[in-house]
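Each chain, written out:
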Amino acid sequence: MSLGHACVDIYQGAVAALVPFLVSERAYSYAAASGVVLAASLLSSVVQPLFGALTDRWAMPWLLPVSTLVGGAGVALSGVTGSYAATLAVVAVSGIGVAAYHPESARVARLASRGSHTAMSWFSLGGNVGFAAAPLAVAGVIATGGLRASPLLAVPAVAGAALCAAALRALRAPGAAAGPARAVRGGEGRDDWPSFLRLSGAIMCRSIVFVGLSAFISLYVRERAGGGELAGTAALFVLYAGGAVGTVAGGGLAARHGRVPVVQWSYALTALAVAGVVLVPGPALYLCVALASAGLYVPFSLHVTLGQDYLPRRVGTASGVTLGLTVSVGGLASPLIGALADATTLQTALSPLIALPALGCLLLRPLNEPALPEAITQHPHPANTDAPERA
């Protein structure tokens, strides 16, 4: 599941990684380039929670390989389209595929993890690895053959579909604790909507910061630190790779200190780190990018499990909203950042991102640690050895 997640999330990272090449090869403005990022996430804001609601009623494990292929096909076609409108259309199709994947995969992964925060962090790590690999894969393909070589970017989708199919076969195998059709749906417990809405508000703040940095950090570093396209690709890689470290650390920290305190600390760190990204000059900018990445990603898997536990009767809906908001709201805001950058400078356009993690931290302050649903802990499983007693 983690490796399949990596193959899918390459296509979330690939859209942002394509932005510098679209600007240089097709002469897109900042606003036009950010519109491509928007196209990848606009429909996700509606489709992903919808798929989450559907998985609350029916298990749809077939979505995992199918959506992986759809996500890859859209990005693979983005470089060979003949118009801006066609590019937006195929990237939007990719976004739908990625959106369809995440609620069902989070449901199946939570079933396999048996409530382990560390196990879920490893599942989320797969997505972070995909994000981190995206700029390298895109740069390797596009720098060699130009945008016309983009069909080669379909290779991870084929591999990911095969990995998803293998994981589902393993869960259906005789002796498995439960198959994907028995994942938690409509479980026992009381839905805590106020806490879930506060969590969702904080995730919206994180989303705008993360997508804004993803879309423009390459261009910003090239302007502020010099070094050309290589420096920009390196900064985007640091943003994504630091997330891999943060995600694994988040699971371990949550097992020791609880999910809510760790999420709160992470948002506070992110506010300071983003200020460094915007204000610190020279090579130290890369350190600030790495710290911002860690702060943004430590709570990533914890958002998902907290949302599921705040809405124990609507696990699919919770997964769809928390995972959907991670990208979609930021995508909606990115054209505004691009338009402001066209009118002023990139530094000015990125400055408002400093305040958003602080706002998220304020939203998270009243939250309490929810209990783990009985449905995912009633069968012992080795992966549950680190689940905190307080849960």
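Values in this document were obtained by computation on a predicted structure and should not be read as measured data. Each chain has its residues counted from 1, running along the sequence as written. pLDDT decides what is reported in this predicted model: residues at 70 or higher carry local features, side-chain atom pairs at 80 or more are listed and counted, and totals for whole chains, interfaces and linings draw on all residues regardless. No hydrogens and no water enter the side-chain calculation; it runs on all heavy atoms of the structure.

A. Seen up close, helix α2 (residues 30-42). When the terminal C-alpha atoms of α2 are compared, their 18 Å separation across 13 residues agrees well with the 18 Å that a helix rising 1.5 Å per residue should span. Exposed residues in this analysis have more than 50% of their type's maximum accessible area, buried residues have under 20%, and partly exposed residues fall in between, with area computed by a 1.4 Å probe over protein chains only. Numbering of helices and strands runs from the N terminus; a helix is a DSSP stretch of H or I covering at least four residues, while a strand is a stretch of E covering at least two. Where burial is concerned, most of α2 is hidden: ten out of the 13 residues are buried. Among the residues making up α2, those that are buried are Y30, A32, A33, S34, G35, V36, V37, A39, A40 and S41. A helix is expected to span 1.5 Å multiplied by its residue count minus one.

B. Here's a closer look at helix α5 (residues 84-113). Counted at 1.5 Å a residue, the expected span for α5 with its 30 residues is 44 Å, and the 42 Å between its end C-alpha atoms agrees. One or two residues past the end of α5 sits R114, with phi positive at roughly 55°.

C. Summary view of unusual backbone geometry. Even without being glycine, A27 reaches a positive phi, approximately 60°. Looking at the secondary structure, you find A27 in the loop between α1 (2-26) and α2. Here A27 falls in the exposed class, since its relative accessible area comes to 65%.

D. Representation of the packing of aromatic side chains in the model. Any two rings among Phe, Tyr and Trp, with Trp reduced to its six-membered ring, count as a pair given centres within 6.5 Å; such a pair is stacked if its planes are under 30 degrees apart, edge-to-face if over 60, and tilted if neither. Counted according to the given criterion, the structure contains four aromatic pairs. On the numbers, 5.8 Å between centres and 90° between planes, the contact of W193 with F196 is edge-to-face. Taken together, the residues span about one helical turn, with W193 and F196 both in helix α8 (residues 193-224) at a distance of three residues. Accessibility expressed as a relative area gives 36% for W193, which makes it partly exposed. Here the aromatic rings of F210 and Y297 are separated by 5.4 Å at their centres, their planes lie at 85°, and the arrangement is edge-to-face. Of this pair, F210 sits in helix α8 while Y297 sits in helix α11 (residues 284-297), and the two are 87 residues apart along the sequence. For F210, a relative accessible area of 3% puts it in the buried group.

E. Region of the structure containing the nonpolar core. Core analysis: the largest hydrophobic core is formed by 81 residues, its most contacted members being I217, V277 and L353. Of all the elements, α8 adds the most residues to this core, at twelve residues. The set of buried Ala, Val, Leu, Ile, Met, Phe, Trp, Tyr and Cys residues whose side-chain atoms join them within 4.5 Å is what this entry labels a nonpolar core. Counting 19 residues, the second-largest nonpolar core is a separate cluster that includes L199, A254, V298 and V321.

F. Quick look at the environment of G146. As for its placement among the helices and strands, G146 is situated in the loop between α6 (117-145) and α7 (155-172). Distance from G146 to V80, taken between C-alpha atoms, is 9.9 Å for residues 66 residues apart in sequence.

G. Structural detail: empty space enclosed by the protein. Here a cavity denotes grid points, spaced 1 Å and computed from the protein atoms alone, that fit a 1.4 Å probe unable to get out, and a pocket denotes an open set having protein on both sides within 12 Å along at least 5 of 7 lines; residues with an atom within 4 Å of a point are the lining. Grid points are joined across faces, edges and corners, and a volume is the space filled by probe spheres set on the points. Under the counting rule described, the total for this entry stands at five cavities of 30 Å³ or more. Size it by volume and the second largest cavity reaches roughly 80 Å³. Lining the second largest cavity are A17, P20, F21, P135, A139, S218, R222, E229, G232, T233 and L236. Broken down by secondary-structure element, the contributors of at least two residues to the lining of the second largest cavity are α1, α6, α8 and α9 (228-257). For the lining of the second largest cavity, the element with the highest residue contribution is α9, accounting for four residues. By the convention adopted, Pro, Cys, Tyr, Trp, Phe, Met, Ile, Leu, Val and Ala count as nonpolar, Lys, Arg, Asp and Glu as charged, and the other residues, Gly among them, as polar. Along the lines of polarity and charge, the residues of the lining of the second largest cavity split into six nonpolar, three polar and two charged.

H. Geometry of a nonpolar patch on the surface. Patch membership needs two things, relative accessible area over 30% and no salt bridge, and members are linked within 9 Å if like-charged or within 5 Å if nonpolar (Val, Leu, Ile, Met, Phe, Trp, Tyr). Per-residue and other accessible areas follow the Shrake-Rupley method at a 1.4 Å probe size, with only the shown protein chains counted as cover for residues. Here, a salt bridge means any Lys or Arg side-chain nitrogen found within 4 Å of an Asp or Glu carboxyl oxygen. A contiguous nonpolar patch, built from W62, V66, V70 and V93 and spanning about 340 Å² of accessible area, is present on the exposed surface. With respect to the element layout, V93 can be found in helix α5. Residue class for V93 comes out partly exposed when judged on its relative accessible area of 41%.

I. Highlighting the packing of α1 against α8. Running from amino to carboxyl end, α1 crosses α8 at an angle of 40°, the nearest separation of the two axes being 7 Å. Taken as axis vectors, α1 and α8 run oblique relative to one another. Crossing geometry of α1 relative to α8 is assigned as right-handed. Counting all contacts with α1, which are made through A16, V19 and P20, the residues of α8 involved are S214, A215, S218, L219 and R222. Here the residues of the contact of α1 with α8 sort into five nonpolar, two polar and one charged. Angular values range over 0 to 180 degrees, each being the angle between N-to-C directions of two axes fitted as lines to C-alpha atoms, with helices fitted over their stretch in contact. Angle categories: roughly parallel below 35 degrees, roughly antiparallel above 145, roughly perpendicular from 65 to 115, and oblique for all the rest. Note on convention: the crossing is left-handed when the near helix lies turned anticlockwise from the far helix by less than a right angle, right-handed when the turn is clockwise. Every residue pair with non-hydrogen atoms within 4.5 Å of one another is taken to be in contact.

J. Structural view of the confidence of the model for the chain. Confidence scores per residue from the predictor, reported as pLDDT, run from 0 to 100. Mean pLDDT over the chain works out to 82, with 88% of the residues at or above the 70 mark. Between the elements of the chain, mean pLDDT differs from a low of 77, seen in helix α3 (residues 44-57), to a high of 95, seen in helix α15 (residues 355-364). Confidence drops under a pLDDT of 50 for residues 181-186, and excluding neighbours within four residues, the segment shows 18 contacts in the predicted structure. Segment residues 379-391: pLDDT under 50, and 27 contacts once partners within four positions in sequence are set aside and those in other chains are kept.

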